[in-house]
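Residue-level structure breakdown
Below, each chain spelled out in residue letters.
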Amino acid sequence: CWFVFPLHGVGGRVKASRYGVVARRRGRVAMIDHRQRIAAMALGRDEDIDIARAALWIAQEEYPSIDVDDYLLRFDDLAAKAQRFIGTEGAPAERIARLNRFVFEEEGFSGDRDDYYDPRNSYLNDVLDRRKGIPISLGVVYCELAQRLH
């Protein structure tokens with residue numbers, strides 16, 4: 001899914017996909033920073049919004065050097081592990097219960113009971129690393145895993 005649009009402050013034309021944003025101006029090509037990537041994604045269709053990627057771009061505000069693709073691969077690895085744990089048999093409610101067990105017991109994701117307001121609870125990279133978060137960041141982890149299951 002590609003779309004092209006002018007972007008304030010960049011000049012020229014911008015071409016965006018779920019994998020990044022490229023600005024072309026006077027024959028030069030430049031990657032656009034994470035804030036502009038989020039803005040570009042927000043202009044697309046709702047079904048094309050990649051929540052995990054956007055959350056990781058937000059995390060780049062605090063951690064500019066994180067490798068977004070590496071963290072997305074970690075989601076893929078976790079989902080493969082979850083798929084083996086959950087299996088393909090059973091009613092939807094049973095499979096959801098197994099996913100809950102996988103995420104919150106096997107993998108140890110939980111709310112941060114010691115310091116709810118710790119900013120690391122909001123950055124998706126930290127949530128994946130620490131296995132602690134707040135409800136919204138844990139919800140992103142849960143939904144991303146669920147979407148990757150067969």
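Above this note sits the structure.
Quick look at the structure, then. (Residues numbered from 1 in each chain as written. Predicted model: local features only at pLDDT ≥ 70, side-chain atom pairs only at ≥ 80, totals over all residues. Heavy atoms only, no water.)

Scanning the chain for helices and strands turns up 6 helices and 6 strands. Secondary structure elements of the chain occur, N-terminal to C-terminal, as β-β-β-β-α-α-α-α-β-α-β-α. Put simply, the chain has 150 residues, and 39% of those count as buried. As presented, the chain carries roughly 9,300 Å² of accessible surface, and 53% of it is formed by carbon and sulfur atoms. (Helix = DSSP H or I, 4+ residues; strand = E, 2+ residues; numbered from the N terminus. Buried < 20%, exposed > 50% of the residue type's maximum accessible area, 1.4 Å probe, protein only. Areas by Shrake-Rupley, 256 points an atom, 1.4 Å probe, with all protein chains shown as cover.)

Right, let's talk about the pattern of salt bridges for a bit. Enumeration over the complete set of coordinates arrives at 13 salt bridges. A salt bridge links arginine 148 to aspartate 76, with the shortest nitrogen-to-oxygen separation between them at 2.7 Å. Here aspartate 76 lies in helix H3 (residues 68–86) and arginine 148 lies in helix H6 (residues 135–148), a separation of 72 residues in the sequence. Take arginine 148: its relative accessible area is 24%, and that puts it in the partly exposed class. Where arginine 131 meets glutamate 107, a salt bridge forms, and the shortest distance between an N and an O atom there is 2.7 Å. (Salt bridge = Lys/Arg side-chain N within 4 Å of Asp/Glu carboxyl O.)

This paragraph deals with unusual backbone geometry. Of note in this structure, arginine 131 is not a glycine but carries a positive phi near 65°. Examined against the element boundaries, arginine 131 turns out to sit in the loop between helix H5 (124–130) and strand S6 (132–133).

This part is about helix H4 (residues 92–106). Spanning 15 residues, H4 covers 20 Å between terminal C-alpha atoms, matching the ideal 21 Å at 1.5 Å per step. Taken together, the buried positions of H4 are Arg98, Leu99, Phe102 and Val103. End-on view of H4: buried residues confined to an arc of 130°, all on one side of the axis. Summarising the geometry of H4, the exposed residues directed more than 90 degrees from the buried face are Ala93 and Glu105. Tucked inside the fold, the buried residues of H4 contact H3 and H6. Where H4 terminates, the next one or two residues include glycine 108, which has phi positive at roughly 75°. (Expected span 1.5 Å × (residues − 1). Arc of directions from axis to C-beta. Contact = heavy atoms within 4.5 Å.)

Attention now goes to the environment of phenylalanine 102. Tracing the chain through its elements places phenylalanine 102 in helix H4. Measuring from C-alpha to C-alpha, the distance between phenylalanine 102 and lysine 81 comes to 9.0 Å, with 21 residues separating the pair along the chain. Leaving out residues up to four positions away in the same chain, phenylalanine 102 has contacts with Leu78, Lys81, Ala82, Phe85, Glu107 and Leu145.

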